Amino acid sequence: MKKLLLLSAILVFACKHNENILSKEFKFNPDIEVISAKASCGICMFNMEGEKCELAVDIKGDKYYVLGAHIDSFGDAHSDNGFCNAIKEVEIQGSIANDKFNLTYFKSN
């Protein structure tokens, strides 16, 4: 019985943690530059190296995988207009570190 309760608690925590990642709110900061970029799946649409579908941005021809958002954070990536099937014009804020884009704001045009 104790094992069942522990397993249930772990599952609830894991689901809540995943929900927080997918529902993260990005806040516009007027003190940080807004970058016009393209967003899509790094593997499916940007031909980047990787093992699974991940959100990436193309900033003036330089492509970076995104930290701070999951590829499904903005809808189903595998839908007809999702990131694995479309490249979207976006406005973003954040910084580049270790060849990743640390996302703090995201707006799809």
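Placed above this text is the structure.
Note that the coordinates shown come from a computational prediction; the quantities given were computed from them, not determined experimentally.

Draft legend 1. Focus on the pairing of strand β5 (residues 100-108). In this sheet, β5 lies alongside strand β3 (residues 62-67) in parallel orientation, the contact comprising three bridges. Within β5, the position partnered with Tyr 65 by the bridge is Lys 100. Bridge count for strand β4 (residues 88-97) against β5 is eight bridges, and the pairing is antiparallel. Bridge pairing in β5 links Glu 91 to Lys 107. Connecting the antiparallel pair β4 and β5 is a turn made up of two residues, with Asn 98 showing a positive phi of about 55°.

Draft legend 2. Representation of the pattern of salt bridges within the structure. By the definition in use, this model includes one salt bridge. Its salt-bridge partner being Lys 63, residue Asp 58 comes within 3.5 Å of it at the nearest N-O pair. Taking the relative accessible area as the measure of exposure, Asp 58 reaches 13% and is therefore buried.

Draft legend 3. Summary view of the nonpolar core. Grouped together as the largest cluster of nonpolar side chains are 20 residues, with contacts concentrated most on Val 57, Ile 59, Ile 92, Phe 101, Leu 103 and Phe 106. If you list the elements that add at least two residues to this core, you get β1 (35-41), β2 (55-59), β3, β4 and β5. Of the residues forming this core, the biggest block, four residues, is contributed by β1.

Draft legend 4. Just the sheet that holds β4, in detail. In spatial order, the strands read β1-β2-β3-β5-β4; together these five strands close into a barrel with mixed pairing. Strand-to-strand twist of the sheet, defined as the mean angle between neighbouring strand axes without regard to direction, takes the value 55°.

Draft legend 5. Molecular detail of unusual backbone geometry. Located in the positive-phi region is Asn 47, a residue other than glycine, with phi close to 55°. Checked against the element boundaries, Asn 47 lands in the loop between β1 and β2. Residue classification places Asn 47 among the exposed positions, given a relative accessible area of 68%. Positive phi values are uncommon outside glycine, yet Lys 60 reaches one of about 50°. Structurally, Lys 60 is set in the loop between β2 and β3.

Draft legend 6. Seen up close, the state of the cysteines. Enumeration over the complete set of coordinates arrives at zero disulfides. The thiol sulfur of Cys 44 is not disulfide-bonded, and the nearest other cysteine sulfur, from Cys 41, lies at 3.6 Å. In this structure Cys 44 comes out as partly exposed when scored by relative accessible area, which is 36%. We note that Cys 84 lacks a disulfide partner, and the nearest cysteine sulfur, in Cys 53, lies 3.6 Å from it.

Rules used in this analysis
Residues numbered from 1 in each chain as written. Predicted model: local features only at pLDDT ≥ 70, side-chain atom pairs only at ≥ 80, totals over all residues. Heavy atoms only, no water. Pairing = 2+ DSSP bridges. Helix = DSSP H or I, 4+ residues; strand = E, 2+ residues; numbered from the N terminus. Salt bridge = Lys/Arg side-chain N within 4 Å of Asp/Glu carboxyl O. Buried < 20%, exposed > 50% of the residue type's maximum accessible area, 1.4 Å probe, protein only. Core = buried A, V, L, I, M, F, W, Y, C linked by side-chain atoms within 4.5 Å. Axes fitted to C-alpha atoms, helices over the stretch in contact; angles between N-to-C directions. Disulfide = S-S within 2.5 Å.

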